[in-house]
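This is what each chain is made of:
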Amino acid sequence: MKISLTQKYNVPGPRYTSYPTVPYWNEAAFTVEEWKSSFQKSFSESNSQNGISLYIHLPFCESMCTFCGCNKRITKNHSVEEKYIQAVLKEWSLYCRLLPEKPLIKEIHLGGGTPTFFSVNNLEHLINGIFSFANKAENHEFSFEGHPNNTTYEQLKKLYDLGFRRVSFGVQDYSEKVQKAINRIQPFHNVAKVTFWAKEIGYTSIGHDIIFGLPFQTVEDVIDTVEKTNSVKPDRLAFYSYAHVPWIKGNGQRGFNEENLPKDAEKRELYETGKQLLSANGYHEIGMDHFALKSDSLYHSAQNKTMHRNFMGYSASKTQLMIGLGVSSISDSWYGFAQNTKNLEDYYQLLEWDQIPVVKGHILNKEDLIIRKHILNLTCELETSWNQDSLYFKELPEVLSSLKEIENDQLIIIEENKIKITEAGRPFVRNICMAFDLHLKRKSPETNLFSMTV
């Protein structure tokens, strides 16, 4: 029996927010001192020209969503806010002590957890505290994630006044059955309300995050969710494949059984249905899993080939250096990665000792840097080339050979010095990137590490 492309290529694989991917970091050779040097080098090369990015992880949530694999701390006790903000600002001050001049911040993203768990006053204290050590870059882009159930008008207005112009709201799906399974009870009314508030205040890019492949989800559910989404017309959409990773400790993915998840062709139909509806309503597919209206900055950056991808996802602007602040955050100097401790108590303790709370990382070698560039090209531009000596690597013939079957399936076009991903190949970008992933090729994982690619 002939199998579909979805069945053929639906294998565990990385999402490629970094290369090398976290499981393949050389932690044994990594030191915090090396990371500091990497950070300082990248800062000196890029701060005055492009500025830097900050990702700030705000981990607290009032309830557990059982689809979520993020690092979070579940509590209804809001007295935790002030101590955490002070710790983040302490961490930022430790980085700033290493610098010869004030950082120029081009991007800030508040992620979680639930950033809108925090009060207006504490959010203001956080951002003002960041800029007591830094300046705002011209044409900066500040964004945050909001939970539609608890985002207030006051929070939206205060963050707007502090320079934020982009907000993304987690929607997932509007089916009551699906919401109950993932423990995310969230009426459409709440999403519409915060979306219209953001429009009224003046946010220039409002995003919704929706997911396909959730437990009990049907084609009718996707149609209903996309139609409701279109009725409030967010500027951009993330339409993610549900990442089923129940082996990750503390991720809470236990509110349903494996048999409740749509699989293979059934799951792909959910995506194709949503994609067709989004396209019919003026949304253009950008990179992997993302859609945007022509008026949105992400669309323009994709057209101009200036889009970037890092641990914050896709970005319309590009910086060489991204500092991750907060528990579990990951930093990226281009030459190296560094991750903070995932344990909140350890995070506080290391900062009390005046130590940057990095516990693991990876310094990229020459080969890593070349492969990283190819994978970024594939995920952001849907093509890559090796017409420059700096982009050629000795294993390239082997990589091209391994892509022959994907080429035969008309998912890519291989030219003399270039690969292009076809329209049919868009759903399989992760698989194409895996062919370039030399770490993965040399050592296949022996345990569950990655979600399914399709």
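This structure is a prediction, so every number in the text was calculated from the model and none was measured. (Residues numbered from 1 in each chain as written. Predicted model: local features only at pLDDT ≥ 70, side-chain atom pairs only at ≥ 80, totals over all residues. Heavy atoms only, no water.)

Q: Explain the sheet that holds strand β18 (residues 412-414) here, please?
A: Strand order in the open sheet made by the three strands is β17-β19-β18, with antiparallel pairing throughout. If you trace the sheet from one side to the other, it starts and ends with β17 (383-385) and β18, each paired once. In this sheet, neighbouring strand axes are inclined to one another by 10° on average, regardless of whether the strands run parallel or antiparallel. Pairing of β18 with strand β19 (residues 418-421) involves three bridges; the strand directions are antiparallel. Opposite Ile 413, over in β19, you have Lys 420 as the bridge partner. Against the sheet, helix α12 (residues 366-381) engages β17 and β19, with an angle of about 145° to β17. (Pairing = 2+ DSSP bridges. Helix = DSSP H or I, 4+ residues; strand = E, 2+ residues; numbered from the N terminus. Axes fitted to C-alpha atoms, helices over the stretch in contact; angles between N-to-C directions. Contact = heavy atoms within 4.5 Å.)

Q: Explain the pattern of salt bridges to me, please; I cannot follow it from the model alone.
A: Oppositely charged side chains can form a pair if their charged atoms are brought close together. Following the criterion strictly, the structure yields 22 salt bridges and no others. With its nearest N and O atoms 3.1 Å apart, the salt bridge here joins Lys 275 to Glu 285. Here Glu 285 lies in strand β9 (residues 284-286) and Lys 275 lies in helix α9 (residues 264-280), a separation of ten residues in the sequence. The two residues Lys 275 and Glu 285 agree in class, both being buried. For the salt bridge of Glu 285 with Arg 426, the shortest nitrogen-to-oxygen distance reads 3.8 Å. In this pair, Glu 285 sits in strand β9 while Arg 426 sits in the loop between β19 and α15 (429-436), placing the two residues 141 residues apart along the sequence. Arg 426 matches Glu 285 in its accessibility class, with the two residues each being buried. Each of Lys 275, Glu 285, Glu 423 and Arg 426 takes part in a single network of salt bridges with overlapping partners. (Salt bridge = Lys/Arg side-chain N within 4 Å of Asp/Glu carboxyl O. Buried < 20%, exposed > 50% of the residue type's maximum accessible area, 1.4 Å probe, protein only.)

Q: Got a minute to help me understand the packing of aromatic side chains in this structure?
A: Each aromatic ring pair is described using two quantities: the centre-to-centre distance and the angle formed by the ring planes. Taken as a whole, this structure holds 24 aromatic pairs when the rule is applied. Between Phe 239 and Phe 291, the aromatic rings sit 6.5 Å apart at their centres with planes inclined by 55°, giving tilted as the arrangement. Placement of the pair is Phe 239 in strand β8 (residues 236-241) and Phe 291 in strand β10 (residues 290-292), with a sequence separation of 52 residues. By the burial criterion, Phe 239 is buried, and Phe 291 matches it. (Phe/Tyr/Trp six-rings, centres within 6.5 Å; stacked < 30°, edge-to-face > 60°.)

Q: What is the right way to look at helix α4 (residues 120-130) in this model?
A: Because an α-helix packs 3.6 residues into every turn, residues spaced three or four apart end up facing the same way. Taken together, the buried positions of α4 are Asn 122, Leu 123, Leu 126, Ile 127, Gly 129 and Ile 130. Buried residues in α4, looked at end-on, bunch into an arc of 160°, giving them a common side. Next to the buried residues of α4 lie β1 (52-58), α3 (80-96), β4 (104-112), α5 (153-161), β6 (164-172) and β13 (322-325). (Arc of directions from axis to C-beta.)

Any link to function would need more than the numbers given here.
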